[in-house]
Structures are given as C-alpha cells and as structure tokens.
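Structure at a glance
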Amino acid sequence: MVSAIHWTENSTRQSADWHSMNAAPLPRRTVVADDRMKANDAYRQACEGTALLWRGDFHNARQLLQAMSRRIDRTSPRLTMSARESFHLNRRSSGHRARVLGKLLVLLNDDYTLALRRAPDVRQACLEAYGPPEGPTAVSLRELLGVIGARQWRLKGVDVPALGARIHPHYGVFAPVRGEYVDLVAHTPLPPAVRHRPATSTAFDLGTGTGVLAAVLAHRGVGHVVATDISPRALSCARENVQRLGLTDRIEVSDQGLFPEGRAHLVVCNPPWLPARPTGPLEQGVYDPDSTMLHSFLAGLSARLRPGGEGWLVLSDLAEHFGLRKRRHLLDSIRTAQLHVVDKIDTKPRHPRAKDTADPLHTARSAETTSLWRLVPAP
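Residues numbered from 1 in each chain as written. Predicted model: local features only at pLDDT ≥ 70, side-chain atom pairs only at ≥ 80, totals over all residues. Heavy atoms only, no water.

**Quick look at the packing of helix H2 (residues 58–75) against helix H3 (residues 83–101)**
Close contact between H2 and H3 brings their axes to 10 Å; oriented N to C, the two are set at 145°. Considering how the two elements wind past one another, H2 and H3 form a crossing that is right-handed. For the pair H2 and H3, contact is made by Leu65, Met68, Ser69, Ile72 and Asp73 and by His96, Arg97, Val100 and Leu101, respectively. (Axes fitted to C-alpha atoms, helices over the stretch in contact; angles between N-to-C directions. Helix = DSSP H or I, 4+ residues; strand = E, 2+ residues; numbered from the N terminus. Left-handed = near helix turned anticlockwise from the far one by under 90°. Contact = heavy atoms within 4.5 Å.)

**A look at the sheet that holds strand E5 (residues 104–108)**
Strands sit in the order E1-E2-E6-E5-E4-E3 across an open sheet of six strands; the sheet is mixed. This sheet does not close on itself; its edge strands, each paired only once, are strand E1 (4–9) and strand E3 (29–33). Strand after strand, the sheet turns through a mean of 40° between neighbouring axes, direction not considered. Bridge count for E1 against strand E2 (residues 12–18) is six bridges, and the pairing is antiparallel. Counterpart to Glu9 in the pairing with E2 is Thr12. Sitting on the sheet, helix H1 (residues 39–47) touches E3 and strand E4 (50–54), and the angle it makes with E4 is about 135°. (Pairing = 2+ DSSP bridges.)

**Quick look at the packing of aromatic side chains**
One pass over the structure, following the stated rule, counts three aromatic pairs. With a centroid separation of 6.2 Å and an interplanar angle of 55°, the aromatic rings of Tyr112 and Tyr130 are classed as tilted. Of this pair, Tyr112 sits in the loop between E5 and helix H4 (123–130) while Tyr130 sits in helix H4, and the two are 18 residues apart along the sequence. Considered together, Tyr112 and Tyr130 belong to a single accessibility category, that of buried residues. Here the basic side chain of Arg91 rests over the ring of Tyr287, its NZ or CZ set 4.0 Å away from the ring centre. (Phe/Tyr/Trp six-rings, centres within 6.5 Å; stacked < 30°, edge-to-face > 60°. Buried < 20%, exposed > 50% of the residue type's maximum accessible area, 1.4 Å probe, protein only. Lys NZ or Arg CZ within 6 Å of the ring centre and 35° of its normal.)

**Digging into the pattern of salt bridges**
Per the counting criterion, the structure on display carries 18 salt bridges. A salt bridge links Arg97 to Asp73; the nearest nitrogen and oxygen atoms lie 2.3 Å apart. Residue Arg97 is found in helix H3, and its partner Asp73 is found in helix H2; the two are separated by 24 residues along the sequence. Note that Glu240 is salt-bridged to Arg244, the shortest N-O span being 3.3 Å. Pair noted here: Glu240 and Arg244 are both in helix H9 (residues 232–244), with a separation of four residues, about one helical turn. (Salt bridge = Lys/Arg side-chain N within 4 Å of Asp/Glu carboxyl O.)

**So, the nonpolar core**
Counting residues in each nonpolar core, the largest one holds 56 residues, and the members touching the most others are Val185, Ile251, Val267, Phe297, Leu298, Leu313 and Leu375. Looking at this core element by element, the count peaks at seven residues for helix H8 (residues 212–219). Ignoring sequence-local partners within four residues, the contact set of Val267 consists of Phe204, Leu206, Phe259, Phe297, Leu301, Arg304, Leu305, Glu310, Gly311 and Trp312. Listed in part, the 36 residues of the second largest apolar core include Met21, Leu64, Ala125 and Leu141. (Core = buried A, V, L, I, M, F, W, Y, C linked by side-chain atoms within 4.5 Å.)

**Describing the packing of H4 against helix H5 (residues 141–156)**
Where H4 contacts H5, the axes come no closer than 9 Å and their chain directions differ by 95°. The pairing of H4 with H5 is recorded here as roughly perpendicular in orientation. Residue-level contacts link Gln124, Ala125, Cys126, Glu128, Ala129 and Tyr130 of H4 to Glu143, Leu144, Val147, Ile148, Arg151 and Arg154 of H5. Within the contact of H4 with H5, the residues separate by chemical class into seven nonpolar, one polar and four charged. (Parallel < 35°, antiparallel > 145°, perpendicular 65-115°, else oblique. Nonpolar A, V, L, I, M, F, W, Y, C, P; charged D, E, K, R; others polar.)

**Let's talk about empty space enclosed by the protein**
Under the defined criterion, the tally for this structure stands at one cavity of 30 Å³ or more. In this structure, the largest cavity encloses a volume near 40 Å³. Surrounding the largest cavity, Leu315, Ser316, Asp317, Glu320, Arg325, Arg327, Leu330, Ser371 and Trp373 form its lining. Its residues assigned to classes, the lining of the largest cavity comprises three nonpolar, two polar and four charged. (1 Å grid on protein atoms, 1.4 Å probe; cavity = no way out; pocket = protein on both sides within 12 Å on 5 of 7 lines; lining within 4 Å. Points joined across faces, edges and corners; volume = space filled by probe spheres on them.)

**Thoughts on H2**
Spanning 18 residues, H2 covers 27 Å between terminal C-alpha atoms, matching the ideal 26 Å at 1.5 Å per step. Taken as a whole, H2 has its buried residues at Phe58, Ala61, Leu64, Leu65, Ala67, Met68, Ser69, Arg71 and Ile72. Between the side-chain oxygen of the N-cap and the backbone nitrogen of His59 there are 2.9 Å, and the N-cap of H2 in question is Asp57. (Expected span 1.5 Å × (residues − 1). Polar contact = N/O pair within 3.5 Å; in protein donor to acceptor, adjacent residues only side chain to side chain.)

**Some words on the sheet that holds strand E12 (residues 264–269)**
As summarised here, the arrangement of the seven strands in space is E11-E10-E9-E12-E13-E15-E14, forming an open sheet in which the pairing is mixed. Where the open sheet ends on each side, the last strands, each with one partner, are strand E11 (251–254) and strand E14 (339–347). For this sheet the average axis-to-axis angle between neighbouring strands, irrespective of direction, equals 20°. Note: strand E10 (residues 224–228) against E11, four bridges, orientation parallel. If you follow Val225 over to E11, its bridge partner there is Ile251. Lying on the sheet, helix H10 (residues 292–301) is in contact with strand E9 (202–206), E12, strand E13 (305–316), E14 and strand E15 (370–377); it crosses E13 at an angle near 165°.

**Quick notes on the state of the cysteines**
What we call a disulfide is simply a covalent bond connecting the sulfur atoms of a pair of cysteines. Using the criterion set out here, one finds zero disulfides in the structure. Cys237 provides the cysteine sulfur closest to Cys269, a residue in no disulfide bond, and the two sulfurs are 17 Å apart. For Cys269, a relative accessible area of 0% puts it in the buried group. (Disulfide = S-S within 2.5 Å.)

**A look at H4**
Among all positions of H4, only Ala125, Cys126, Ala129 and Tyr130 are buried. On an axial view of H4, the arc spanned by its buried residues comes to 100°, and they lie on one face. For H4, the elements touching its buried residues are E5, strand E6 (137–140), H5 and H9. (Arc of directions from axis to C-beta.)

In structure tokens form, the structure reads like this:
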C-alpha cells in the first residue's frame, strides 16, 4: 500500500503519494508554505517534524532551503574527538541535516510537471529516476534537486582518461568521479594468462556500477568481460554505457549475483569502502554493512579463478583511518580465504575533499591511500 501525505488547502482536505529514495518516513504533519514563509519559522517547524508543502516561487524555495541549511550549520558540533567518534558524529549530523531539509516538499503532478512559478521542466529527470508516474507525488525539494543534478551528469557524462571516453552515470549509481581506482585498474600489469592471450581471456567485474572498470578491462584487450551487480539501476546504467562505447561484443552485463557462472583469468572487485550501514539505497555504493561484499569476494575468489589467474581487490584504507576496520582484520580475512598477496599498488587521493581543510573529517581523508591488492590462491 502506498503511503500518502495529507494537508488542508483552501479549506479542502487533499492528499498525494509520498516518495523518498532514501526511505525517509512519512511526515507526521504537513502544512502549506509559500513565499511569505520566514526561514526561522521554516527551520523551527522542520525541526519539530512538520513538513512544508511549497506553493510559492521555485527559486525562492531553493533560497529557503539554503537558509535552513545555514541554520543547521550554526548548531553543528565541532568534531575535535577521535577519528572514529568524529565519523559517527558526522554521520548523525548528516542524518539530522537530511531529516530537517527533507521536510521542505514539492508536489509533482501525475505527469511529473512541477506547478510552481519559475519551475524548470523536471519530467525527464523524474522519469529516469523514478520510472513512469503513477499519480500526484510529494517529494522533498532536496531530493528533487539531486534528481535534476543526476540528469545533468547523465547527459554530460564523466570524462575517463583511461578510456579516452565519457561514462554516463544514472541516478542512484556511484559515478566514477574519483579517478584513482580507475587508474589502478588501467595501469596495473595484467596477469600473464591475460597478457599472453588477451583475445581468449576472461575477466569478471564484480559490482560493476556504471560499468567503468569492465570497459577499462575491455579497453586493455581482455577478450570477454562479465560485469555483475545486484542493483537494477546499476545493471541498466552499465548496459547503456557498454552500448554507448561499442563494447557489447566484449562485455556481458549479468544479473546472476556477485559471482557469475564459470571461472576467469582475472576477477576485479571494488566494494564499498566503509563498513557502515547505509541510510538508504543511494548510499549503498559507499557503505557496506559488516564488509559483507568484501568478505563474499574474498571467500569465493579461489573457486572462480582459472589456473594462473588473479583477483584484484581495489580498496581504500579510509575505514582504517576512521577506526572502522583494522589492517590486521583485512589481512586475516585474506588468509582465512586461503589467498596470498602477490603485490599491493598504492595511490593517493586526488579528489578535492582530500585538500579541504574545512572538512570535519579532513585529517582522515588527507591520509587516505587507495590500493589494488593482487591476490592468488595460497600455495
């Protein structure tokens, strides 16, 4: 049964379906707001749990959202404790921000039009993110702005120098904006079985996302790449990128689970880097509860490698700097899976947040190293 919000407008009781990509709970109370709403009043009501259904100018709504965000910043605690405590406090602070700013709502009509003054045409963006419309729907303005931004990412794409082409991410699929992990896969020497007979070699790309690593492997000459993911959004995104790059004869996008059937000369996995619980589907590319995907990859790797094959684990040590995982735990997991480390290739982050001293987690981010672990079955 679809949840719905209810409000009174012009002395009439009205309702609309409630939609939240991050599974935010149904607002307890909804009132109508417009250009007369003051930022202090909006912030107070949102903190109290009241949703504000916006009926004014679209650009004024964006300004109100920014004003509410500034009020949250004034009350945010300074993170001067341990890295682990700072991480968890930052997560709680981010959750509070999402709850408060998520209370400013807009109404999408049954064709995804937005009936507000100076509102952009959001129909195609919503269709790509939400699927076919099923009636009037209330969404948070914050989420809708993310949907609009995702549409622009999808149109423009992300330049991937290792491919000499662009990858086009879909809404809810982790975009390859961090080039470190892509470059590691692009430049690490291939296993001899692949290097000597590339046309007949096979590789698996587990948790493919946009399909960028599968495309890099094909670009390097691997004859057949099987890319897997458990997310329908990712599978659709990867298929579109593979087709756009003209690699449909080399890359098979599969929904068989983490590991496809058969064995490969090379198995690549870039699991979510932080062992924490995501707050919703959109965070599943970043957070992996209990490192489930990491451990599944390690446990199943030996049985899926051809003789002379390698597994490549691409992993940041950010979890170690946050105190969420110790290096010895990773090494113990590798040994338990009866795997041997042939080599580890490291690279430092190049993304802007690593240099942002205003980031409350800057110390950990600036010390981060991303590594490609070359793994083979233990002798």
